[in-house]
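Fold and geometry: a report
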Amino acid sequence: MNPVIRGVAVYLFVYLIFRILGKRSLAEVTTFDFVLLLIISETTTDALISEDYSLTACFVMVCTLVGVDYLFSIIKEKSTWFQVVSDGAPLVIVDNGKPLVKRMEKSRVDEEDVMEAARLTQGLRHMEEILYAVLERDGTISIVPKQKSK
Amino acid sequence: MSKKKLTVEVIEADLDIKEHLKMQESGWNFQRVGLYCILIFVLTAAVGLYGNGVSSKKTMTQGNTRIEFQQFFRQEAKMQLKISTDSHEKAIISFPTHYLNHFEIDAIVPEPSDSYFENGEIRYAFNGDDAMMITFYLVPQKVGKIRGSLRVNEDSFKIYHLIFP
């Protein structure tokens, strides 16, 4: 198969898989997730290069992957719809100390994740101390504490 | 015009962010459908819809000859075509050239004693005085349907494959 088609197909497939898995798929990488990522990268490498180890094939593949990624970034800049569809949008998951359960369920985030982010980034101890918790586009949780907003 | 109801809490946060809740809802629906698709893909792969499984393996018997091949397989992956025959002298296996053009022959075990072209066919001859088991290791080069025929001495078989990229 043509290396450009192969590169685009693998890029789109991996993109689609991580979009399906959601924002949190890479936000908290455990040791096992890291090993899994290495296995995935090894598997996709084999599919990308097949048995063609030539320099030309390598250059074509790198340019294809970078090119598709660049094209995606341009489309995201131009179209809000495409940006939200591909990367999602920030989502408030705690409002004035109250967890928004349905939003958290849909985003596969639980209160433990929010409190972990609150402890790590703001040194907070209780949910009531949080004014807003926002699930960002990259899957991280940002915390706005109550006292700082005043 | 019907307005789709949101299934999550609607709040008014004092934050400079655009939540695009409707699009987020579509995204969550897409994720759910996507997860089912992954599940279906894995299950169909497990039963061999893309090769190496029960739904892919096909066996045909005619006379003293039995062949086993993969109906579904993948491009550039090595598949086996097994032929067992009870002819007690010489076995001649013939493939039409147009069929073998779609494959790279990686190996033939055991090696044929002779191979030649005749009447638009490629023929492989094997000597033996007992039941023979011959395996062709074929690597599909084409994506899509491949139809062909295979003849072992007088026994003829119609074979077909569906090759995935």
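Up top you'll find the structure we're talking about.
The following paragraphs examine the structure supplied in this document. Bear in mind the structure is a predicted one, so any value in this text is a computation, not a measurement. (Residues numbered from 1 in each chain as written. Chains lettered and ligands numbered in written order. Predicted model: local features only at pLDDT ≥ 70, side-chain atom pairs only at ≥ 80, totals over all residues. Heavy atoms only, no water.)

Our focus in this paragraph is the sheet that holds strand S1 (residues 91-95) of chain A. Residues and elements named next belong to chain A. Sheet architecture is open: four strands sit in the order S2-S1-S3-S4, paired in antiparallel fashion. The strands lining the two open edges of the sheet, one partner per strand, are strand S2 (98-99) and strand S4 (141-145). Judged from the four bridges that link them, S1 and strand S3 (residues 130-135) form a sheet pairing that is antiparallel. Following the sheet pairing, leucine 91 is matched in S3 by leucine 135. Contacting S1, S2, S3 and S4, helix H6 (residues 111-122) runs over the sheet at an angle of about 65° to S4. (Pairing = 2+ DSSP bridges. Helix = DSSP H or I, 4+ residues; strand = E, 2+ residues; numbered from the N terminus. Contact = heavy atoms within 4.5 Å. Axes fitted to C-alpha atoms, helices over the stretch in contact; angles between N-to-C directions.)

Turning next to the side chain of glutamine 70 of chain B. Residues and elements named next belong to chain B. Along the chain, the position of glutamine 70 falls in strand S2 (residues 65-70). Engagement of the side chain of glutamine 70 in a polar contact is seen with the backbone nitrogen of asparagine 52, the distance being 3.1 Å. Leave out the neighbours within four places in its chain, and glutamine 70 touches Gly51, Asn52, Gly53, Ser56, Lys57, Met79, Gln80, Tyr160 and His161. (Polar contact = N/O pair within 3.5 Å; in protein donor to acceptor, adjacent residues only side chain to side chain.)

Residue and element names in this part refer to chain A. In contact at an axis separation of 9 Å, helix H1 (residues 3-21) and helix H3 (residues 55-78) are set at 50° when each is read in the N-to-C sense. By the angle between their axes, H1 is oblique relative to H3. Between H1 and H3 lies a crossing whose hand is right-handed. Where H1 abuts H3, its residues Pro3, Val4, Arg6, Gly7, Val8, Tyr11, Leu12 and Tyr15 lie against Val60, Met61, Thr64, Leu65, Val68, Asp69, Phe72 and Lys76. For the contact of H1 with H3, the class distribution of residues is 11 nonpolar, two polar and three charged. (Parallel < 35°, antiparallel > 145°, perpendicular 65-115°, else oblique. Left-handed = near helix turned anticlockwise from the far one by under 90°. Nonpolar A, V, L, I, M, F, W, Y, C, P; charged D, E, K, R; others polar.)

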